[in-house]
Each structure stands twice: as C-alpha cells, then as structure tokens.
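The primary structure of each chain is shown beneath.
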Amino acid sequence: MRKLLFLLACLTLGWTTIEAQNLKFGKPTDEEMQMIVYEQDPEASAVVLCHLTNVNYTMDSFNFLVDYEVKTRIKILKEEGKEYANISIPYISNLNENYSQEEFTSFKATAYNLENGKVKKTKIGIDQIYSERIDKDYMLAKIAIPQVKVGTVVEYEYKLHSNVFYHIHDWYASAEIPVAFANYRLEIPSIFIYNVEYSGLQKLQSTVTAGSLAYKSNSGNMTKQSKCLTNIYNCTGRNLKGLKKDDYVWNVHDYFTKITAELQRINQFDGSYRDMKRKWEQIDDILFDHPDFGHKLYKHSKYRDELATSGISEITDLKEKVAATFKFLQQRLAWDGEYELLTKSFSEIAKKRNGTNADLNMMLINMLGDVGVKAYPVVMSTRKHGRIPKTYPTLNKLSTFIVGIPYGSSWLYIDASSVNGYINVLPANLYTDRARIIQKGKEGQWVDLQKMGEARTMMTVKATLSADGEMKGEIQTLYSGNAAANERDIFHSVTDSSAFIARKSSDNGIKISQCNIEGLRDFAPNVTETIQFTKQGETSGDHIYLNPYISFPITNNPFTEKERLLPIEFPYKQAFNTSLQLTLPEGWKLEEMPQNIRVFSKDKSITGHILYESADERMVTITCQFRLTKVNYENNEYDMIKQLFELFANRSKDMLVIKKK
C-alpha cells in the first residue's frame, strides 16, 4: 500500500500524452476496428482500450453531492472475450435512508462491428439497465450489450449521481484483461480530508494539484455565489497487464491496481472539524447493535431443553464438548453452501432445515452457551471475498464470521461450513490472515487463521515383488487436518463406498482387494486407512521396471509460466511422509535405483527428500518427505518454487530396475 505522491506540478506533459490516446467516444479508430490481436498480450481474449473516470463534487443549496462520469471502450478479440460486454455496476441504494442514494442520470452503450467494410452500430440506452438488490445498502446494475462478437468494439458511458458525499467508490485501473489506457480524475473540496491511496502490482503516474469549486449558498433570503478550494488527483495507467484468475491466488482482485479514498475528517467553515475516521472498535459496536447480529447473540437456543437431556453438559473435556454440540447441530440443520455475515430469523431456518454459515454459527454460539461453553464471533472477509484493508476499518469488507472458543492461552475455531473438517480444521476459504474476535465490552483481537491450516499425510507401505512384476502388499495411511477433510470431501462427492474405492484405485494406479477406512463419516481429527493392493510393473526379458510409489506429494507441476506477476498463495501448509519397504523376488537383484536428493528453499519453508537404501540384494527401503510450512510467496520467489515443484514432479516417475541373477 502506497500513498499517492503529491506533486504540485504542471500537467502539460501528462496531458500531451493523454491526448495522444483516442479519448473521443462515439467513433473508434480504423486501427481499433481492425485490431485482431493486442500486441502487448497476444493471448488476451479482450482488451480495455480506454477507461476514463471523472469524479466531481457539486453543491446544491444544502448539501455536497458527488457525480461520477465513466467512459470505457473494449475490443473483443476472442470468443471467450464476449463476456466483457456484460456490464455490472454496483451502486448505493439504502432501503431505510433517503440520504444514502445513488441514481443513473444517463447511460448509453454501442457495439461497433465491421460489416462489408462499413461500421455498423448497435445502440442501447438507460432503459436497458436491469437492477437487482445485493443487500439493504447496495443494488447491482446489469447491462448486456447486444450484437457482440469477435472483432466488436464496445463502448459504454454513464453518469451516476450520489448524495453520499462521505463515500467515494474504489476505482480500478487494471482488470482480468489488459488495459491499454486508464485515467482517473478526482476533485475533492479541501474541507474534506481524505486518505487517498493506491495499491496493486502495477504502477500509476499520479499528481495532485489545487483547484476550486464554485457553488451557490443561502444566507437568509439571499443567495450568493461562493467558491471553495479543491484538491485534484489525477492518476494514469498505461499498458497494464491483465491479471487472470489463478488457482494459486485467493482473490486476484486483491492485486488489481486501484485507488481508494477514505474520508478522515471534515473541516467546517467556522474553523471547527468533525472526525470521520472510524476505528475497529466502532465497527464492533455496530455489529453488536445490529438486530441481525448482536441482538441474536447469547440467547438461549431453540434446542435448550433437548441439550439439557443430551448429557453434553456433563462432558468435561472442552474439545469433546464442543464437538458433541456441533454434531448435535449438524443432525438438525444443514449448511446451504452460502457464507454471510448477518443472520435470518430462526423460524425461517427451522422451516427450511438449513441456513448459511452465519445462521448456523449464531445458533452454535447460543447452543454452546446452553451447555456452559463461552463462544464468540470471529468476523472476517473470506479469501474469495478479498482481504480486509489494513489502513482503514470498514464494515463493507466483512463477509462472514466463524465461532471462537477460549481454550487456555489459545483458541478453538469452528464453522458450520466445515462439515468435513474438525475443530481448527476449516475450509481453505476461511484461512484468512486477518480475522477479528469480538467480545462485548472488551477490545477486539486480531488473529491469523492461516497459521493453523495444514494437510498432513503419513503413509507406510510394505510390499513384495513377484517374478512376473507384480507388487503386492499393504498400505497404512493416517490423514490429519485438511488432508482428512479432503478425504471426506472426495468420499461425499461420489455415489457410495464402492465408487470411492474405485476412484482411489484409479488415482493411485493400483488394484485394491481390501480396504478398511475409519473416520470418513465422523466429525473427527483423523482418517485412517488400511489397504491391501497390487500394482503391476513392466517386464522385459530378465528385467522388471517398477515405479514403486503409491502416492506422491507432487505429480504435476502447476507452475509452467515463464514468468509470473502475481504472488503464489497456497491453500494451507502441507506435510507428506511416506515410507516403503519392498522385498524383491528370490533370485533377483536391484540393478539400478534413482539418486537420493535433499532439497530446500532459501528460507527453509519448503523442504523435501527422496532417499533409497538397499541393505541387501532383496530389500529396498524408500522414504519420501515433502513439507510446505508457509502459504504466501512473493512473485520474486516464483522461479525457486517452479524449480522445486518440477523436480518433485519428475521424481514421481522414478523407476527401479530389477534384474534376474
């Protein structure tokens, strides 16, 4: 996060460069119409050619107002790029407050297509906007621009009028597709003290200059012309790379280049000032005072009487008591797959017999209270929703909460969406680095939940090899943490146990003759598995060629790009250990085995080894270990990660060469 550089300088050079762009809307250039590929990114499915945003304050007789003017031009280059002609614009429309409203005063969009050497225009207007409510504060305007195909140039422009003078929408310079040119002009009366910042992976050119705003003011029966000083922020981005969704980035929008403006203070005309900067303690109080949050906390649950006769209150071990209460809830209500911050009425939840994680977590907090366990909400933004800003408190960025239980000097965490997890084993989406435990009358506490997430697998294999190349033996595996949750996820994604075993057989390249698994249907910390298996090697004359691995930590390298702009974010820490003992057939010996390796990253956060030992001619012992002890890596560490993953992926294909004596 970097503050804008305040350069009180002439903008002549900047505007000369800007004017070199095609800023005239309503007439794309021949070059734009004929473009078939964007040279800066030949693989791009579309490109934003020009994105202009102008934000100005105005003033009527009583209040300051904010006007947004946005103009955007997009070139569609591939079939999949047509989705960028579907426009979504969030705007404020508070159900309860007339002074928290925004409205579109104009909208128009045009699709330009070359047909027989001539440009054909398809136009739509403001009547084509369809709006749907997101929540009680926001609406979402949706517009589908028609007649869009590969080669189309799309333009849209709109004006949004706002009476919410204390809030300025975030402005995004970059997007999932490349942006050739973006310009943002924000003019703010100097009585409003804003913290204006930019963030993101790509730089903007930015300046601030002084200006003035003319307005009419009333004094008694007189109306007079007045003016106030302003600060004019101007930010320009050129040739910004597209940041596509990535399996190893939680929310790519976290890394878009953007401008945020948060109101800190209002200087009154009489010399006094009003502090507008929020503190997180104020956010806590808002939640505690909310009818769909704080007002529902610490009430007796609907199941109070049933819990009283369940015997859960008599359980002395805290973890066991929490687990028993959670299972009690699961038997009565199901998670509907949604994450929310605010809750619905219990009657609505009971009628449907399901609810969001917030609905069920609120119920769980109250049920825990009924059995004598203190529990508190832990509010957060999920990874998919995006990170909470570090520089300013905001309620809008919170998206859900989980349940926290004091446990000596530490905490236990649980969530209703963790149907296949356990205490302190959450879905990856909830392992956020900034969550806040809130307690009435106490200062909130920030916690890093990603520290506790880990998938642990310990495997022991004992097998014999026959003269016809068949490896036969037993596998014992202990899955813990998120590895156990993953096994349960897979189990519940297939039709039955037979399908689960068939999938495991296919994934590991083995035939399973017997399988005993414990913990798949339980709310428990581990899954244990014992398998009797066979695996066929290759035979050629007096040689057997065998890949001895049943499971391996990395079989394919997901990092194949030559270079990477985004960081790398893993879902959780990982620990994989396997030990294999293989007895060779009588009359055969090991002729060749792969080299031993030990690898580690510079900071030792990634370590691993593959070790082969042969104590005698007929016995081979293999140990393989891989550990990932942190989840966030900067893009300058990409080459290191790429090389380590490539090394392990290649070693997953190791072959033993066994020769007949």
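Criteria and thresholds
- Residues numbered from 1 in each chain as written.
- Predicted model: local features only at pLDDT ≥ 70, side-chain atom pairs only at ≥ 80, totals over all residues.
- Heavy atoms only, no water.
- Phe/Tyr/Trp six-rings, centres within 6.5 Å; stacked < 30°, edge-to-face > 60°.
- Helix = DSSP H or I, 4+ residues; strand = E, 2+ residues; numbered from the N terminus.
- Buried < 20%, exposed > 50% of the residue type's maximum accessible area, 1.4 Å probe, protein only.
- Pairing = 2+ DSSP bridges.
- Axes fitted to C-alpha atoms, helices over the stretch in contact; angles between N-to-C directions.
- Contact = heavy atoms within 4.5 Å.
- 1 Å grid on protein atoms, 1.4 Å probe; cavity = no way out; pocket = protein on both sides within 12 Å on 5 of 7 lines; lining within 4 Å.
- Points joined across faces, edges and corners; volume = space filled by probe spheres on them.
- Domains from an automatic or database assignment.
- Buried area = accessible area lost by both parts, 1.4 Å probe.
- Salt bridge = Lys/Arg side-chain N within 4 Å of Asp/Glu carboxyl O.
- Polar contact = N/O pair within 3.5 Å; in protein donor to acceptor, adjacent residues only side chain to side chain.
- Expected span 1.5 Å × (residues − 1).
- Nonpolar A, V, L, I, M, F, W, Y, C, P; charged D, E, K, R; others polar.
- Core = buried A, V, L, I, M, F, W, Y, C linked by side-chain atoms within 4.5 Å.
- Lys, Arg positive; Asp, Glu negative; His and termini not counted.
- Parallel < 35°, antiparallel > 145°, perpendicular 65-115°, else oblique.
- Left-handed = near helix turned anticlockwise from the far one by under 90°.

### A few points about the packing of aromatic side chains
Any pair of aromatic rings gets described here by the distance separating the centres and the angle formed by the planes.
Stage number 1. Applying the stated rule across the entire model yields 30 aromatic pairs.
Stage number 2. Between the aromatic rings of Tyr298 and Tyr376, the centroid separation amounts to 6.3 Å while the plane-to-plane angle is 70°, which identifies the pairing as edge-to-face. With a gap of 78 residues between them, Tyr298 in the loop between α3 (280-288) and α4 (304-308) and Tyr376 in strand β19 (residues 376-380) connect regions that are remote in the sequence.
Stage number 3. For Tyr376, a relative accessible area of 13% translates into the label buried.
Stage number 4. On the numbers, 6.1 Å between centres and 40° between planes, the contact of Phe552 with Phe648 is tilted.

### With respect to the sheet that holds strand β21 (residues 410-414)
Stage number 1. One open sheet accounts for 5 strands, arranged β21-β20-β19-β22-β23; its pairing is antiparallel. Since the sheet does not close on itself, it has two edges, and those belong to β21 and β23 (445-447), each with one partner. The mean inter-strand angle of the sheet, taken between neighbouring strand axes irrespective of direction, is 35°.
Stage number 2. Bridge count between β19 and strand β22 (residues 435-437): 3 bridges; the pairing is antiparallel. If you follow Val378 over to β22, its bridge partner there is Ile437.
Stage number 3. Contacts from helix α5 (residues 318-330) reach β20 (400-407) and β21 within the one sheet, and its direction differs from that of β20 by about 150°.

### Observations concerning the environment of Lys440
Stage number 1. Assignment of secondary structure puts Lys440 in the loop between β22 and β23.
Stage number 2. Contact partners of Lys440, with chain neighbours within four places excluded, come to Phe288 and Asp289.

### Some thoughts on empty space enclosed by the protein
Stage number 1. Taken as a whole and judged by the stated rule, the model has 1 cavity of 30 Å³ or more.
Stage number 2. The space that makes up the largest cavity amounts to roughly 40 Å³.
Stage number 3. What lines the largest cavity is Trp250, Asp254, Ser381, Thr382, Arg383, Gly386, Arg387, Thr432 and Asp433.

### Comments concerning the domain arrangement of the protein
Stage number 1. Under the domain assignment, the protein is made up of domain 1 (41-275), domain 2 (281-447) and domain 3 (454-660).
Stage number 2. Centre-to-centre, using C-alpha coordinates, domain 1 lies 50 Å away from domain 3.
Stage number 3. Listed by partner, the interface residues are 12 residues for domain 1 and 12 residues for domain 3.
Stage number 4. Contact between domain 1 and domain 3 buries roughly 1100 Å² in total, counting both sides, with carbon and sulfur atoms accounting for 64%.
Stage number 5. Our count for the contact surface shared by domain 1 and domain 3 stands at 1 salt bridge.
Stage number 6. Close ionic contact of Asp246 with Arg564 constitutes a salt bridge, the shortest N to O distance being 3.1 Å.
Stage number 7. Counting across the interface, domain 1 meets domain 3 through 5 residue pairs in polar contact (both at pLDDT 80 or more).

### Here we look at helix α7 (residues 357-370)
Think of an α-helix as 3.6 residues a turn; residues three or four steps apart then line up on the same face.
Stage number 1. Over its 14 residues, α7 extends 20 Å from the first C-alpha to the last, a length consistent with the 20 Å expected when each residue adds 1.5 Å.
Stage number 2. With 13 of 14 residues buried, α7 lies mostly within the body of the structure.
Stage number 3. One or two positions beyond α7, positive phi appears at Gly372, with a value near 90°.

### Description of the pairing of β21
Stage number 1. Burial within β21 is extensive, with 4 of its 5 residues counted as buried.
Stage number 2. As paired elements, β20 and β21 share 5 bridges and run antiparallel to each other. Residue pairing in the sheet places Ile405 in a bridge with Leu412 of β21.
Stage number 3. The turn linking β20 back onto β21 is made up of 2 residues, and Gly408 within it adopts a positive phi angle of 65°.

### Points about the layout of surface pockets
Stage number 1. Volume-wise, the second largest pocket comes out at about 1200 Å³.
Stage number 2. Lining the second largest pocket are 42 residues, and of these Ser551, Phe552, Pro553, Ile554 and Phe576 lie nearest its centre.
Stage number 3. Looking at the lining of the second largest pocket, the elements with two or more residues in it are β24 (454-465), β25 (470-481), α8 (482-493), α9 (497-508), β27 (526-536), β31 (573-583) and β35 (619-628).
Stage number 4. Broken down by element, the residue count for the lining of the second largest pocket peaks at 5 residues, all from α9.
Stage number 5. When the residues that make up the lining of the second largest pocket are grouped by side-chain class, the tally is 24 nonpolar, 11 polar and 7 charged.

### As for the nonpolar core
Stage number 1. One finds Phe293, Ile405 and Ile414 to be the most contacted residues of the largest nonpolar core, which totals 66 residues.
Stage number 2. Those elements giving two or more residues to this core turn out to be α3, α5, α7, β19, β20, β21, β22 and α8.
Stage number 3. Ranked by residue count, the leading element in this core is α7, at 8 residues.
Stage number 4. There are two domains that each give this core at least three residues, and those are domain 2 (281-447) and domain 3 (454-660).
Stage number 5. In this structure Phe293 touches Leu287, Leu341, Leu342, Met362, Pro377, Val379, Phe401 and Ile438, once residues within four positions along its chain are discounted.

### Remarks on the pattern of salt bridges
Stage number 1. Applying the stated rule across the entire model yields 31 salt bridges.
Stage number 2. The residue Asp254 makes a salt bridge to Arg387 at a minimum N-O spacing of 3.5 Å. One end of the pair, Asp254, is in the loop between β14 (222-240) and β15 (258-267); the other, Arg387, is in the loop between β19 and β20, with 133 residues separating them in the sequence.
Stage number 3. Accessibility expressed as a relative area gives 23% for Asp254, which makes it partly exposed.
Stage number 4. Since its relative accessible area comes to 27%, Arg387 is described here as partly exposed.
Stage number 5. Arg651 is paired through a salt bridge with Asp654; the nearest N and O atoms lie 2.9 Å apart.
Stage number 6. The buried category is assigned to Asp654, whose relative accessible area is 8%.
Stage number 7. Put simply, Asp254, Arg387, Asp433 and Glu569 are held in one network by salt bridges that share partners.

### Quick look at the side chain of Lys573
Stage number 1. Within the secondary structure, Lys573 sits in strand β31.
Stage number 2. Despite being buried, Lys573 has no salt bridge partner; Glu454 is the closest side chain of opposite charge, sitting 4.9 Å away.
Stage number 3. From its side chain, Lys573 meets the backbone oxygen of Lys451 in a polar contact 2.5 Å long.

### Some points on the packing of α8 against α9
Stage number 1. Relative orientation of the contacting elements α8 and α9 amounts to 120°, with a least axis distance of 8 Å. In terms of orientation, α8 and α9 fall into the oblique class. Relative to α9, α8 is oriented so that their crossing is right-handed. Of the residues in α9, those touching α8 at Glu487, Ile490, Phe491 and Ser493 are Ser497, Phe500, Arg503 and Lys504.
Stage number 2. Its residues placed into classes, the contact of α8 with α9 shows 3 nonpolar, 2 polar and 3 charged.

### Things to note about unusual backbone geometry
Stage number 1. The phi angle at Asn239 is positive, at roughly 50°, despite the residue not being glycine.
Stage number 2. Structurally, the position occupied by Asn239 is in strand β14.
Stage number 3. Positioned with a positive phi, Arg353 is a non-glycine residue whose angle comes to about 60°.
Stage number 4. Within the element layout of this structure, Arg353 appears in the loop between α6 (346-352) and β18 (354-355).
Stage number 5. The exposed category is assigned to Arg353, whose relative accessible area is 51%.

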